[in-house]
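Notes for the structure review
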Amino acid sequence: MDASQVIIRPVVSEKSFVLAEIGKYTFRVHPDAHKTQIRQAVEELFDVRVRDVRTVAVRSKPKRRGYTSGRTRSWKKAIVQVGEGDTIPIFQGLEGAE
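What this report covers is the structure whose coordinates are included nearby.

Reading the values: the criteria
- Residues numbered from 1 in each chain as written.
- Predicted model: local features only at pLDDT ≥ 70, side-chain atom pairs only at ≥ 80, totals over all residues.
- Heavy atoms only, no water.
- Core = buried A, V, L, I, M, F, W, Y, C linked by side-chain atoms within 4.5 Å.
- Buried < 20%, exposed > 50% of the residue type's maximum accessible area, 1.4 Å probe, protein only.
- Helix = DSSP H or I, 4+ residues; strand = E, 2+ residues; numbered from the N terminus.
- Contact = heavy atoms within 4.5 Å.
- Pairing = 2+ DSSP bridges.
- Axes fitted to C-alpha atoms, helices over the stretch in contact; angles between N-to-C directions.

What about the nonpolar core?
Nonpolar side chains in soluble globular proteins tend to end up buried together. Core analysis: the biggest nonpolar cluster contains 19 residues, and Ile7, Phe27, Ile38, Val42 and Ile88 have the highest contact counts within it. When contributions to this core are tallied by element, the ones reaching two or more residues are α1 (3–6), β2 (24–29), α3 (35–46), β3 (50–58) and β6 (75–82). The element best represented in this core is α3, accounting for four residues. Here Ile38 is in contact with Val6, Ile7, Val29, Ala33, Val53, Thr55, Ala78 and Val80, once residues within four sequence places are set aside.

Details of the environment of Arg9
Checked against the element boundaries, Arg9 lands in strand β1 (residues 7–10). Sequence-distant contacts of Arg9, defined by excluding residues within four places in its chain, comprise Phe27 and Arg28.

As for the sheet that holds β3
Read from one edge to the other, the open sheet built from four strands follows the order β1-β2-β6-β3, with strand pairing classed as antiparallel. Each having just a single partner strand, β1 and β3 make up the two edges of the open sheet. Each adjacent strand pair in this sheet contributes to an overall mean axis angle of 30 degrees, direction not counted. Of the strand pairs in this sheet, β2 and β6 are connected by six bridges, and their pairing is antiparallel. Its bridge partner being in β6, Tyr25 is matched across the sheet by Val80. Along the sheet, helix α2 (residues 14–21) contacts β2 and β6; its crossing angle with β2, the most-contacted strand, is approximately 135 degrees. Packing of α3 onto the sheet brings it into contact with β1, β2, β3 and β6, and relative to β3 it is tilted by some 120 degrees.

In structure tokens form, the structure reads like this:
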């Protein structure tokens, strides 16, 4: 699997920006990607040294709109901790925007 297929997009939330301040970055990743593939993809795409990778399978939630009921999609999230002094530039410009 190519590195651009493993990392889908960064997760933009309040919690992810708090984690980014301490060197932990959150990404939406391919559901079949494992920790080694995620580590290699982040190191290749962002030129940083990865210390730790944690993955979470985000389950789908039931939703209703009138009589129609369904579910949201399930997806996989990875929290990547980079080495001391390394940063990922995607999260740089958005940290101060409040």
